[in-house]
Amino acid sequence: MLSTESYTNAYKQGLMPNLPPIDVQSIIDRGNEIAMYIVVRSDLVMSPGKVAAQVGHGVELALDLGKRRAPQWTPSDKPCTKIVLQANFEEFHSFISEVTLSKEHGNHVAVVVDEGRTEITPNTMTVAALIPMPRSEAQRFTSKLKRYK
């Protein structure tokens, strides 16, 4: 886990100019665990294996994005909770828009665009994944969505 001191030093050196110093341990101590929310499009017809692959791609992209955009929430030595949600076409695009237009989290969502090799039309967005972040931060975007079934 990135220590508060390491993060603060990186922030002071200008390596994270858009992010204020955060005491990660105090967030976790307050019961606000770090979690990753993955949203799967429910309007697409995908086999369970295809959904699993798309979720895997989303997790991988979001972790990579999180390491670059918010390393204080993406500790490499501790896994975070993953929560998979579902959204129809309108809900999915609304979710992406809300996150993207957010002042604090505009660059904190990774979108999987399928290449169309198997079940999905090429260039179809299948999954959107938030970078790991405190649940309270993510829930303002995810509260309207249901768990994936």
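Scroll up a little and you will see the structure.
Residues numbered from 1 in each chain as written. Predicted model: local features only at pLDDT ≥ 70, side-chain atom pairs only at ≥ 80, totals over all residues. Heavy atoms only, no water.

Draft legend 1. Structural context of the overall build of the chain. A tally of regular secondary structure across the chain gives five helices and six strands. Sequence-ordered secondary structure for the chain, helices as α and strands as β, is α-α-β-α-β-α-β-β-β-α-β. The 149 residues of the chain split such that 43% are buried. Across the chain, every contact between residues at least 6 apart in sequence was considered, and the portion connecting residues at least 24 apart equals 75%. Element-wise, carbon and sulfur atoms account for 52% of the exposed surface of the chain, whose accessible area totals about 8,300 Å². (Helix = DSSP H or I, 4+ residues; strand = E, 2+ residues; numbered from the N terminus. Buried < 20%, exposed > 50% of the residue type's maximum accessible area, 1.4 Å probe, protein only. Contact = heavy atoms within 4.5 Å. Areas by Shrake-Rupley, 256 points an atom, 1.4 Å probe, with all protein chains shown as cover.)

Draft legend 2. Quick peek at the side chain of Thr 142. Among the secondary structure elements, Thr 142 is positioned in helix H5 (residues 135-142). Excluding its chain neighbours within four sequence positions, the residues that come into contact with Thr 142 are Tyr 37, Leu 85, Phe 95 and Leu 130.

Draft legend 3. Highlighting H5. Among all positions of H5, only Ala 138, Phe 141 and Thr 142 are buried. With its buried residues spanning 85 degrees around the axis, H5 presents them on a single face. For H5, the elements touching its buried residues are strand E1 (34-41), strand E2 (81-87), helix H4 (89-101), strand E4 (124-130) and strand E5 (133-134). (Arc of directions from axis to C-beta.)

Draft legend 4. Structural view of helix H3 (residues 48-69). In this model H3 runs 31 Å from its N-terminal to its C-terminal C-alpha over 22 residues, within 8% of the 32 Å that 1.5 Å per residue would give. Those residues of H3 that fall on the buried side of the exposure criterion are Lys 50, Val 51, Gln 54, Val 55, Gly 58, Val 59, Ala 62, Leu 65 and Gly 66. Packed against the buried residues of H3 are E1, E2, strand E3 (109-114) and E4. (Expected span 1.5 Å × (residues − 1).)

Draft legend 5. Here's a closer look at the packing of aromatic side chains. Going through the model one piece at a time under the given rule, you end up with zero aromatic pairs. A cation sits over an aromatic face here: Arg 41 above Phe 92, 5.8 Å from the ring centre. (Phe/Tyr/Trp six-rings, centres within 6.5 Å; stacked < 30°, edge-to-face > 60°. Lys NZ or Arg CZ within 6 Å of the ring centre and 35° of its normal.)

Draft legend 6. Fine view of the packing of H4 against H5. Axis separation between H4 and H5 bottoms out at 9 Å; the angle between their running directions is 130 degrees. Our classification of the angle between H4 and H5 gives oblique. Between H4 and H5, the contacting residues are Phe 95, Glu 98 and Val 99 on the first element and Arg 140, Phe 141 and Thr 142 on the second. Of the residues contributing to the contact of H4 with H5, the split by class is three nonpolar, one polar and two charged. (Axes fitted to C-alpha atoms, helices over the stretch in contact; angles between N-to-C directions. Parallel < 35°, antiparallel > 145°, perpendicular 65-115°, else oblique. Nonpolar A, V, L, I, M, F, W, Y, C, P; charged D, E, K, R; others polar.)

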